Amino acid sequence: MARQAASISDYRALARARLPHFLFEYLDGGSYDEVTLRRNVEDLQAIALKQRVLRDVSTIDVSAELFGKRWALPVGLGPVGLSGLYARRGEVQAAKAAAAANVPFALSTLSACSIAEVAAAEPGFWFQLYIVKDREFVADMIARAKAAGCGALLLTVDLAVPGTRYRDYRSGLSGSMRGPVSRLKQVLQRPDWTWDVAVRGRPMTMGNLEPVLGADAALSDLMGWVAQNFDSSVTWKDVEWVRSQWSGPMVLKGILDPDDAREAIANGADGVVVSNHGGRQLDGALSSARALPPIADAVAGRAAILADGGVRSGLDVVRMLALGADFALMGRGWAYALAARGQAGVAHVLKLIEAEMRVAMALTACTSVGEIDEQILERSGNQATF
Ligand SMILES: Cc1cc2nc3c(=O)[nH]c(=O)nc-3n(C[C@H](O)[C@H](O)[C@H](O)COP(=O)(O)O)c2cc1C
């Protein structure tokens, strides 16, 4: 197993070696047969970039503007639940790495560290919101995000019901009476993680959910709570309701259809994230790479387009932008690095992404992010080659 990481796939191997099995499986897995999870990665990687040569590419600007701010890269750390358990106070470490690199970090509703804890360490992050049945609790979370000065609200809309993740059953995270015993065995096989996170990283609670789950909530309580409390009756009316309480940038995450993107804008969204939740929800749904171009056409510059799903390198970021995104988000990519090396790992992944973007931009003759468009894709007929 590689000790030095040169790529996100190296970080994945390191994360697998360090995390208790059930935590790695939760992070790595997707729903059902993981068809969409695989398509996200494969469709993106299959897109051929058009190499151009003998242009002056001695100066390349990889910065990008989004929601009134100039970021070092058109890349953000998307919301990843339970990331606070991948490393000690994990969300704080990720937020610090993102801030030092000047890229956005989105804190999940289902984080170990609370909004207040992350804000005390590194304010300015984005907050990802799930709508649960108890609307007072949702309103309270929005108020907490506002008080913490969060820079944007990502409202995730693709979890009306949870997709089944077979790996979580097999690993003992969900559904099994023997789960706690099996998880304890897996924890004991990972002494480095146990010392770093389970001992020195306490309390291991769900920070934002403490008002409803209590301070002693174990993992199994969380999963049970999600299943019982996520609200499948949510509609566009609820989006309007969230909009009425949040005056900053509001982004709908989990859009795969051009009509839904149009409706998002009509309901006051400042942006959408083209996403299938990293292949963790509707297995068989389109990959983000395939869903993106028609959504970009439908949005036509009226709102920001972010996209995630399968981004494993700076080349993939360039591909997402060429397909019509303004910004790419990573999920597993940064979380593997957090699990493997904490804040330093996340910082390193962002460096890798930047270096890979610079090579891809130089060899497609783009000297700024604004120049990246469909012209840099090899075409077969009217389609980017997959
Ligand atoms: C372990 C894990 C937990 C996630 N938790 C959340 C979450 O709490 N909220 C959310 O909106 N998306 C969540 N996502 C989805 C990610 O934000 C993102 O859409 C997805 O990971 C992108 O695909 P990628 O992992 O291939 O980059 C999660 C993804 C993973 C892998």
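Preceding this paragraph is the structure being described.
Quick caveat, the model's predicted, so the values are computed rather than measured.

A few words now on the overall build of the protein chain. Secondary structure assignment for the protein chain yields 16 helices and twelve strands. Here the protein chain has a C-alpha radius of gyration of 20 Å; the compact-globule value for 386 residues is 21 Å, and the two agree. Taking the principal axes of its C-alpha atoms as reference, the protein chain extends roughly 60 × 50 × 40 Å. Out of the 386 residues belonging to the protein chain, those deemed buried represent 56%. When contacts within the protein chain are restricted to residue pairs at least 6 apart in sequence, those whose partners lie at least 24 apart make up 72%. Placing the 41 positive and 42 negative side-chain charges of the protein chain at their respective mean positions leaves the two points 6 Å apart.

Taken together, D297, E371, D373 and E374 make up a surface patch of like negative charges. Mapped onto the elements, E374 comes out in the loop between helix 16 (332-363) and strand 11 (379-380).

What follows covers the site of the ligand. Surrounding the ligand, one finds 22 residues, the nearest of these being P79, S108, T156, D308 and G310. One of the side-chain N or O atoms of T156 is found 2.7 Å from an oxygen atom in the ligand. Burial of the ligand by the protein chains amounts to 99% of its free accessible area of 590 Å². A molecule is said to occupy a pocket when more than half its atoms come within 2 Å of that pocket's grid points, and by this definition the ligand occupies the largest pocket. Residue composition of the shell around the ligand, grouped by class: seven nonpolar, ten polar and five charged.

All right, on to the layout of surface pockets then. Considered as a void within the structure, the largest pocket measures approximately 840 Å³ in volume. What lines the largest pocket is a set of 45 residues, and nearest its centre among them are Y26, L159, R165, H277 and R280. Looking at the lining of the largest pocket, the elements that each hand over two or more residues are helix 2 (21-28), helix 7 (166-171), helix 8 (179-188), helix 11 (219-229) and strand 10 (327-330). Ranked by the residues each element gives to the lining of the largest pocket, the list is headed by helix 11, at six residues. Here the lining of the largest pocket is built from residues that sort into 20 nonpolar, 17 polar and eight charged.

A word on the packing of helix 15 (residues 314-322) against helix 16. Remark: helix 15 packs on helix 16, axes separated minimally by 7 Å, with the N-to-C direction vectors making an angle of 55 degrees. Here helix 16 runs oblique to helix 15, going by the angle between their axes. Like other packed secondary-structure pairs, helix 15 and helix 16 cross with a definite hand, here right-handed. Packed against helix 15, whose contacting residues are G314, L315, V317 and V318, the element helix 16 presents I353, E356, M357, A360 and M361 at the interface. Here the contact of helix 15 with helix 16 is composed, by residue class, of seven nonpolar, one polar and one charged.

As a further point, take unusual backbone geometry. Backbone torsion omega between R202 and P203 reads 0 degrees, so that peptide bond is classified as cis. You can see P203 is positioned in the loop between helix 9 (191-199) and helix 10 (210-213). Backbone geometry places F67, a non-glycine residue, at a positive phi of 50 degrees. Assignment of secondary structure puts F67 in the loop between strand 1 (64-66) and strand 2 (69-71). Located in the positive-phi region is R89, a residue other than glycine, with phi close to 45 degrees. Of note, R89 is situated in the loop between strand 3 (75-77) and helix 4 (90-101).

Next up on the list: the pairing of strand 7 (residues 250-255). Among the six residues in strand 7, six count as buried, and that is most of the element. In terms of strand pairing, strand 6 (residues 153-156) meets strand 7 through four bridges, oriented parallel. Of the residues in strand 7, the one forming a bridge with L154 is V251. When strand 7 meets strand 8 (residues 271-274), the two strands line up parallel, connected through four bridges. Following the sheet pairing, I255 is matched in strand 8 by V274.

Cut-off values and rules
Residues numbered from 1 in each chain as written. Predicted model: local features only at pLDDT ≥ 70, side-chain atom pairs only at ≥ 80, totals over all residues. Heavy atoms only, no water. Helix = DSSP H or I, 4+ residues; strand = E, 2+ residues; numbered from the N terminus. Rg over C-alpha atoms; globule rule 2.2 N^0.38 Å. Buried < 20%, exposed > 50% of the residue type's maximum accessible area, 1.4 Å probe, protein only. Contact = heavy atoms within 4.5 Å. Lys, Arg positive; Asp, Glu negative; His and termini not counted. Charge placed at Lys NZ, Arg CZ, Asp CG, Glu CD. Patch = residues over 30% accessible without salt bridge, like charges linked within 9 Å, V, L, I, M, F, W, Y side chains within 5 Å. Areas by Shrake-Rupley, 256 points an atom, 1.4 Å probe, with all protein chains shown as cover. Salt bridge = Lys/Arg side-chain N within 4 Å of Asp/Glu carboxyl O. Near = heavy atom within 4 Å. Polar contact = N/O pair within 3.5 Å; in protein donor to acceptor, adjacent residues only side chain to side chain. 1 Å grid on protein atoms, 1.4 Å probe; cavity = no way out; pocket = protein on both sides within 12 Å on 5 of 7 lines; lining within 4 Å. Sits in = over half its atoms within 2 Å of the grid points. Nonpolar A, V, L, I, M, F, W, Y, C, P; charged D, E, K, R; others polar. Points joined across faces, edges and corners; volume = space filled by probe spheres on them. Axes fitted to C-alpha atoms, helices over the stretch in contact; angles between N-to-C directions. Parallel < 35°, antiparallel > 145°, perpendicular 65-115°, else oblique. Left-handed = near helix turned anticlockwise from the far one by under 90°. Pairing = 2+ DSSP bridges.

Function-wise, these values are silent; they only describe arrangement.
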